[in-house]
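# Descriptive analysis of the structure
Residue strings, one per chain:
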Amino acid sequence: MWHHRRVIVERRVELRIGHQTDSEIHANLSGVRQDGECLWVASDEGARLERLAATTGDGGQPVKFTGHRAFALTDLVKLPGGPDEEADLEGLALAGGWLWTVGSHSLKRKRIKAGQSTGKGRKRLGTVIREDNRFILARLPVVAGSDGLPEVVRRAADGRTAAILGGDGDSIADLLHDDPHLAPFLAIPGKDNGLDVEGIAVRGDRVFLGLRGPVLRGWAVIMELRPEDDPGGERLRLRPFEDGALHRTHFLNLGGLGVRDLCPDGQDLLILAGPTMDLDGPVRLVRWPGGPAAGEAAVVAAGDLRVLGDLAYGEGDDHPEGITLLDGPGGPRLLVVHDSPAPDRHTPEGGILADVILLGPE
């Protein structure tokens, strides 16, 4: 399965999020979804969503995304950690008039800072922090604004309401305390192969969450949930599956890699696969044909997956982190955004360059 064909980067497009003051957002992109002529973008810094609008070239393909507008999560849902705590948003999904976003659900271990004494370094490395805003799944109504572009609102004119799961003893991490595979990893920080949600995709009433960690003896995990409205309002709850369980787990042989993002492609699921630990690579694009269409927990062997190719990555920078299909003339492409972008991705205007890659034959 694991051949080493490099995907073809057709071109780069600029994403210009605000001004130079938003450079922290540019450097920490974690999720992206196309919505008509717009892009929704998430960052693992702060607690907001970004919307950009496309400028197209002579061939009808987008050449840059500007017209930035930010949407603060605290204006849309009640965040359990308050408005000033970051949400570590790690994925976006768009389906049925809703925009979904998910936090990492991960614990955070403090880093050793350069120049610190041995004692301070050891103390920091032994300190693990939980931030409640990381433990959320949010579903937001998308409506057309006065300019015709999509925007997210707390309540739509048709009655649809923004809602959240988490913060009331009901987060996705809370429901895993009895899971035989994932429970042992709940007390481990995400970057140590603990629980770390990094991708989301939606099909019908089912939500799929790709886990960067844990990876279990080389097998990556995708969780499946069925969120629905809680009658109390502005909250989500989980509808049980036929066997009474509130979640399913699918195990995929990604060759020891975890899931860095998910993106639906027709009936298939595209998977951005990368290392679960603090490593640069490898990074691969993998297709799960049919996705979890069987409607039951799956164990997917390497031979049942299709590797589309390897993505380039840097040393200490330029980590592929988010993918979305990019519609346009000549067929769909895939847009890839990066965490810790390399210096040559920064534009003089304060933007960042994302890759457009061809989805060639498998």
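Further up the page is the structure itself.
Remember, it's a predicted structure, so these values are computed and weren't measured experimentally. (Residues numbered from 1 in each chain as written. Predicted model: local features only at pLDDT ≥ 70, side-chain atom pairs only at ≥ 80, totals over all residues. Heavy atoms only, no water.)

### Description of the pairing of strand 24 (residues 319-326)
Definition in use: We call a residue buried when its accessible area falls under 20% of the maximum for its residue type, exposed when it is over 50%, and partly exposed in between, using a 1.4 Å probe and counting protein chains only. By definition, any uninterrupted DSSP run of H or I lasting at least four residues is a helix, any uninterrupted run of E lasting at least two residues is a strand, and each is numbered from the N terminus. Note: two strands are recorded as paired if DSSP finds a minimum of 2 bridges between them.
When you tally the buried positions in strand 24, you get 8 out of 8 residues, the bulk of the element. The sheet contact formed by strand 24 and strand 25 (residues 333-339) spans 7 bridges and is antiparallel. In the sheet register, H319 faces strand 25, and the bridge partner there is D339. In textbook terms, the turn of a hairpin is the stretch between consecutive antiparallel strands, and for strand 24 and strand 25 this stretch comprises 6 residues, one of which, G330, has a positive phi near 85°.

### Section: empty space enclosed by the protein
Short version of the rule: The way it works is a 1 Å grid over only the protein atoms, where trapped points that fit a 1.4 Å probe form a cavity and open points with protein on both sides within 12 Å along at least five of seven lines form a pocket, and then any residue with an atom within 4 Å of a point lines it. Grid points are joined across faces, edges and corners, and a volume is the space filled by probe spheres set on the points. Residue polarity is assigned by list, with Asp, Glu, Lys and Arg as charged and Ala, Val, Leu, Ile, Met, Phe, Trp, Tyr, Cys and Pro as nonpolar; anything else, Gly included, falls into the polar class.
With the rule as written, the count across this model stands at 1 cavity of 30 Å³ or more. Around the largest cavity sit A201, V202, R203, F208, P264, D268, L269 and P292, which together line it. Listing elements by their share of the lining of the largest cavity, those giving two or more residues are strand 13 (196-203) and strand 20 (268-274). At 3 residues, strand 13 tops the list of elements feeding residues into the lining of the largest cavity. Counted by class, the lining of the largest cavity contains 6 nonpolar, no polar and 2 charged residues.

### Considerations on the environment of M277
Stated formally: What makes two residues a contact is simply this: any of their non-hydrogen atoms within 4.5 Å.
Summarising the element assignment, M277 is placed in the loop between strand 20 and strand 21 (284-288). In this structure, the C-alpha to C-alpha distance between M277 and G330, residues 53 residues apart in sequence, is 37 Å. Every residue in contact with M277, bar those within four places of it in the chain, is listed here: K191, D192, N193 and R212.

### Here's the deal with the sheet that holds strand 22 (residues 299-300)
Sheet strands line up and pair through hydrogen bonds in the backbone, either parallel or antiparallel. Pairing in this open sheet of 5 strands is mixed, and the strands run 13-14-15-18-22 from one edge to the other. A strand with exactly one partner marks an edge of an open sheet, and here the two such strands are strand 13 and strand 22.

### Notes on the pairing of strand 10 (residues 137-144)
With 6 of 8 residues buried, strand 10 lies mostly within the body of the structure. Where strand 7 (residues 98-103) and strand 10 come together, 5 bridges link them in antiparallel fashion. From the neighbouring strand, W100 faces strand 10, where its bridge partner is R139. Where strand 10 lies against strand 12 (residues 163-165), 3 bridges are found, and the strand directions are antiparallel. What sits directly across from A138, in strand 12, is I164. Counted between consecutive antiparallel strands, the loop separating strand 10 from strand 11 (residues 150-152) contains 5 residues, among which G148 sits at a positive phi close to 85°.

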